[in-house]
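# Structure at a glance
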Amino acid sequence: MQWSGRLSIKVFGAAAQAFAADFDLSGNPQAGSLVLYSPLGTTAAQMRWTPDGASLISAGETRYFATLNALVLQATDTELPVQALFDWLQGRPTNVPGWTADLSALQQGRLMATRIAEGPARAELRIVLQP
């Protein structure tokens with residue numbers, strides 16, 4: 001599968017953070033890639049993963065990680081339900097403890113997921129897909 005659009009991540013708490021970028025996502029939770037673009041359209045980061053590990057290419061530097069989850073944590077400074085994201089983008093309401101996903105506007109190309117769990121700070125993931 002392949003998706004393109006815009007994503008934003010907001011983490012609320014003592015050290016609130018926000019991130020937004022255009023993206024191209026392809027593959028599945030086992031093997032795939034995610035390319036993030038700057039507002040000017042240049043490649044800001046490339047993430048690739050396989051069952052053997054994951055890599056992040058950013059600012060001319062390549063870093064390697066044991067898992068996709070470790071890569072995402074490093075790249076976004078928060079934990080995201082990557083495996084479920086692929087299901088959500090396909091309209092499957094996969095349950096993830098501590099997260100709620102709103103798929104009601106997926107037909108219009110919009111997805112929102114919110115982390116509401118105790119522990120890590122509240123987070124919002126918003127995706128707007130290109131038609």
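Within any chain, residue numbers begin from 1 and follow the written order of that chain's sequence. Totals for whole chains, interfaces and linings use all residues, but because this is a predicted model, local features are given only for residues with pLDDT of at least 70 and pairs of side-chain atoms are given and counted only at 80 or more. Side-chain numbers come from the whole structure's heavy atoms, not from hydrogens or water.

Right, let's talk about the pattern of salt bridges for a bit. Definition used for salt bridges: Asp or Glu carboxyl oxygen within 4 Å of a side-chain nitrogen of Lys or Arg. Counted under the stated rule, the structure contains four salt bridges. Asp87 is the salt-bridge partner of Arg92, the closest N and O atoms lying 2.7 Å from each other. Overall, Asp87 belongs to the buried group, its relative accessible area being 18%. In this structure, Arg126 engages Glu124 in a salt bridge whose closest nitrogen and oxygen atoms are separated by 3.5 Å. You can call Arg126 partly exposed: its relative accessible area is 38%. Overlapping salt bridges bring together Arg122, Glu124 and Arg126 as one network. Any residue under 20% of the maximum accessible area for its type is buried, any over 50% is exposed, and the rest in between are partly exposed; the area is computed with a 1.4 Å probe on protein chains only.

Attention shifts here to the layout of surface pockets. Taken as a whole, the largest pocket encloses approximately 370 Å³ of empty space. Put simply, the grid is 1 Å and covers the protein atoms alone, a cavity is a trapped set of points that fit a 1.4 Å probe, a pocket is an open set with protein on both sides within 12 Å along at least five of seven lines, and lining residues have an atom within 4 Å of a point. What lines the largest pocket is a set of 24 residues, and nearest its centre among them are Leu7, Ile9, Leu34, Thr76 and Leu80. Strands here are runs of E lasting at least two residues and helices are runs of H or I lasting at least four, both read from the DSSP assignment and numbered beginning at the N terminus. Broken down by secondary-structure element, the contributors of at least two residues to the lining of the largest pocket are strand E1 (2-11), strand E2 (17-27), strand E3 (32-37), strand E4 (43-50), helix H1 (68-76), helix H2 (82-89) and strand E9 (123-129). By residue number, the principal contributor to the lining of the largest pocket is E2, which donates five residues. Tallied by class, residues from the lining of the largest pocket come to 21 nonpolar, two polar and one charged. Grid points are joined across faces, edges and corners, and a volume is the space filled by probe spheres set on the points. Each residue gets one label: Ala, Val, Leu, Ile, Met, Phe, Trp, Tyr, Cys and Pro are nonpolar, Asp, Glu, Lys and Arg are charged, and the others, such as Gly, are polar.

A word on the nonpolar core. Put simply, buried Ala, Val, Leu, Ile, Met, Phe, Trp, Tyr and Cys residues joined by side-chain atoms within 4.5 Å make one nonpolar core. By size, the foremost hydrophobic cluster in this structure holds 35 residues, and its most contacted members are Phe23, Leu25, Leu36, Trp49, Trp88 and Ile127. Broken down by element, this core gets its largest block of residues, six residues, from H2. With residues near it in sequence (within four places) discarded, Trp88 still touches Pro81, Pro93, Thr94, Val96, Trp99, Ala101, Leu103, Leu106, Leu111 and Ala113. By definition in these notes, contact holds between two residues if any of their heavy atoms fall within 4.5 Å.

Along the chain, Gln83 turns up in helix H2. When its relative accessible area of 37% is taken as the criterion, Gln83 is described as partly exposed. Sequence-wise, Gln83 and Asn28 are 55 residues apart; in three dimensions their C-alpha atoms are separated by 7.8 Å. Beyond its immediate stretch of four places on either side in the chain, Gln83 contacts Pro29 and Asn69.

Along H1, the residues classified as buried are Leu68, Leu71, Val72 and Thr76. Down the axis of H1, the sector holding all buried residues measures 105°, keeping them to one side. On its buried side, H1 packs onto E1, E2, E4, strand E5 (53-58), strand E6 (61-65) and H2. Looking at the residues trailing H1, positive phi occurs at Asp77, about 65°. By arc we mean the arc of the directions from the helix axis to the C-beta atoms, nothing more.

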